[in-house]
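Each chain, written out:
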Amino acid sequence: MALLDIKNLSLYIETANGVVKALDKISFVLNEGEIKALVGESGSGKTLVVKAIIGALPDYWQIKADRLTYKGQDLINMSYEQRRQIMRRDIAVVFQEPTSSLDPSVKLGDQIEESIPPEFINKGWFWERNKQRKDIAIGLLHKVGIRNHKKWMNCFPHEIPSNVSQKIMIAMALASEPSVLIADDSTRSMESTTKTQVLRLLVKLNKTKNLSILFVSHDLLSITSIANSMTVLYCGQTVESGKVRSLLKRPLHPYTKALLDSAPSFQISLPSKSPLKALKGTIPSLQNLPTGCRLGPRCPNARKECVVAPPMRNIQDHQYACHYPLHFPSHKKHATNEMVLKSAPEEIAGKKDIYD
Ligand SMILES: Nc1ncnc2c1ncn2[C@@H]1O[C@H](COP(=O)(O)OP(=O)(O)OP(=O)(O)O)[C@@H](O)[C@H]1O
Ligand code: SF4
Ligand SMILES: [Mg+2]
């Protein structure tokens, strides 16, 4: 079942230089029990997508979508109260800067207790309710791997290391027993041991609690170690989407290939001290977008047809937006969807197992 279903999400934001289209027809689905990754370099629009889902964008920014639903309920057109209710109970978010998301003036124990919905506390005398709240908070800390709860519950946010604050953010996010956890670059700048702990924790929660996770990151190694499927964003657009195994094995979009090539761990035969591959240039600013395909000026495969924006094409469960997808015979490229499917190599068209 689709929990989050996003189709053609566009966002127009006001900047000093006028209105710009920061998100352009982003589409993806997060299914129940799935870990879905949203990947893209800095400035590709990942956090804007998260904010659009949770309704944290300024009112004066215009948001348009054919579909933006949670369990079939339209998030854009529902009342403020309904949406708040969904965000309070069903969808939890951990942002990329844990320390700035915590209140600096309140002790951590009190912040965790405050995040527990009142309906989880049974009626009774106030000291009984306080005890219940404290027990639940301690249980949440244990769940995220913090055993020494006494040490941290009396601390203020500035007194704790970043790995602990990230785990505390996850504990607070889990307090309402949500169906969906959105982790927005929550492992950014973590050292590898802590990152592994947090990734393991997410996988464990996914397996044991059937928690669906939207894992937003630009760290391909983390993504491939935990996610089932991924959607690649570039400059506010979806460029490729599909199962992680399939995108790793046979990326169709030059940008996805460039992302994989730039990660040393995916280059098996990389000789020592050899330079890492990287796309030339940088992501364009939203005020100066190129005509046609947004990757055009940086794309090694660009041709004159690329001045027309490529449509999103679909082969089996694999979507891509490129006139010249990789792994296709060159004379068959730039064709209609039917022609592309007909001319696709057998393993891409699904006639043969891609992992043979
Ligand atoms: N409040 C804002 N006002 C103007 N532009 C914004 C605002 N927030 C984001 N943007 C622009 O929208 C684009 C996407 O930003 P976003 O924060 O979603 O990127 P991101 O993919 O999350 O990057 P990162 O990996 O660095 O977190 C960027 O070009 C950014 O400059
Ligand atoms: S459409 Fe053209 S420029 Fe864009 S990614 Fe494909 S080949 Fe490159
Ligand atoms: Mg971000």
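Rules used throughout
Residues numbered from 1 in each chain as written. Chains lettered and ligands numbered in written order. Predicted model: local features only at pLDDT ≥ 70, side-chain atom pairs only at ≥ 80, totals over all residues. Helix = DSSP H or I, 4+ residues; strand = E, 2+ residues; numbered from the N terminus. Buried ≥ 20, exposed ≤ 12 C-beta atoms within 10 Å, placed from the backbone. Contact = placed C-beta atoms within 7 Å. Near = placed C-beta within 6 Å. Nonpolar A, V, L, I, M, F, W, Y, C, P; charged D, E, K, R; others polar. Expected span 1.5 Å × (residues − 1). Pairing = 2+ DSSP bridges. pLDDT = per-residue confidence, 0-100. Core = buried A, V, L, I, M, F, W, Y, C linked by C-beta atoms within 7 Å.

1. Topic: the overall build of the protein chain
- Across its full length, the protein chain holds 13 helices and 13 strands.
- Looking at the protein chain as a whole, 36% of its 356 residues are labelled buried.
- The long-range fraction of contacts in the protein chain, counting pairs at least 24 apart against all pairs at least 6 apart in sequence, stands at 64%.

2. Considerations on the site of ligand 1
- Not every one of the 14 residues close to ligand 1 is listed here, only the nearest: Ser 42, Gly 43, Lys 46, Thr 47 and Leu 48.
- Sorting the residues of the shell around ligand 1 by element identifies strand E1 (2-15) and helix H1 (46-54) as the ones contributing at least two each.
- Looking at the shell around ligand 1, the element that brings in the most residues is H1, giving three residues.

3. Considerations on the site of ligand 2
- If you check the shell around ligand 2, you find Pro 254, Cys 293, Leu 295, Gly 296, Cys 299, Asn 301, Ala 302, Cys 306, Pro 310, Cys 322, His 323 and Tyr 324 and nothing else.
- Tallied by class, the residues present in the shell around ligand 2 amount to nine nonpolar, three polar and no charged.

4. Let's talk about helix H7 (residues 162-174)
- Taking 1.5 Å of rise per residue, the 13 residues of H7 would be expected to cover 18 Å, and the 18 Å separating its terminal C-alpha atoms lies within 8% of that figure.
- Burial runs high along H7: 11 of the 13 residues are buried.
- What H7 keeps buried is the set Val 164, Ser 165, Gln 166, Lys 167, Ile 168, Met 169, Ile 170, Ala 171, Met 172, Ala 173 and Leu 174.

5. Concerning the pairing of strand E9 (residues 212-217)
- Among the six residues of E9, six are classified as buried, and the element is accordingly described as predominantly covered.
- Residue alternation in E9 divides its side chains into two sets, Ser 212, Leu 214 and Val 216 and Ile 213, Phe 215 and Ser 217, and both sets are buried.
- Judged from the five bridges that link them, strand E3 (residues 35-39) and E9 form a sheet pairing that is parallel. Looking at E9, one finds that Leu 38 is bridged to Val 216.
- Bridge analysis of strand E8 (residues 180-184) against E9 gives five bridges, and the strand direction is parallel. Of the residues in E9, the one forming a bridge with Leu 181 is Ile 213.

6. Let's talk about the confidence of the model for the protein chain
- Mean pLDDT for the protein chain: 87, with 90% of residues reaching 70 or above.
- Contacts for the low-pLDDT stretch residues 347-356, under 50 throughout, to residues beyond four places or in other chains number 17 contacts.

7. Focus on the nonpolar core
- One finds Ala 171, Ala 173, Ile 182, Leu 214, Phe 215 and Ile 223 to be the most contacted residues of the largest nonpolar core, which totals 80 residues.
- For this core, the element with the most residues is H7, which contributes eight residues.

8. A look at unusual backbone geometry
- In the Ramachandran plot, Glu 177 falls in the positive-phi region, its phi being about 50° despite a non-glycine side chain.
- Considering the arrangement of structural elements, one finds Glu 177 in the loop between H7 and E8.
- The exposure class assigned to Glu 177 is exposed, which follows from the 12 C-beta atoms found within 10 Å.
- The backbone of Asn 210 sits at a positive phi, close to 55°, despite the residue not being glycine.
- In this structure Asn 210 comes out as exposed when scored by C-beta crowding, with 11 C-beta atoms within 10 Å.

9. Here's the deal with the environment of Val 93
- Relative to the helices and strands, Val 93 resides in strand E7 (residues 91-94).
- Judged by C-beta crowding, with 22 C-beta atoms within 10 Å, Val 93 ranks as buried.
- C-alpha separation for the pair Val 93 and Ile 170, spaced 77 residues apart in sequence, amounts to 8.3 Å.
- Sequence-distant contacts of Val 93, defined by excluding residues within four places in its chain, comprise Val 50, Ile 54, Ala 173, Ile 182 and Asp 184.

10. Remarks on the environment of Gln 73
- Assignment of secondary structure puts Gln 73 in strand E6 (residues 73-74).
- For Gln 73, a count of 13 C-beta atoms within 10 Å puts it in the partly exposed group.
- Note: C-alpha distance between Gln 73 and Arg 83 (10 residues apart in sequence) is 9.6 Å.

11. Some thoughts on the environment of Val 216
- Along the chain, Val 216 turns up in strand E9.
- It is 6.8 Å that separates the C-alpha atoms of Val 216 and Lys 46, two residues lying 170 residues apart in sequence.

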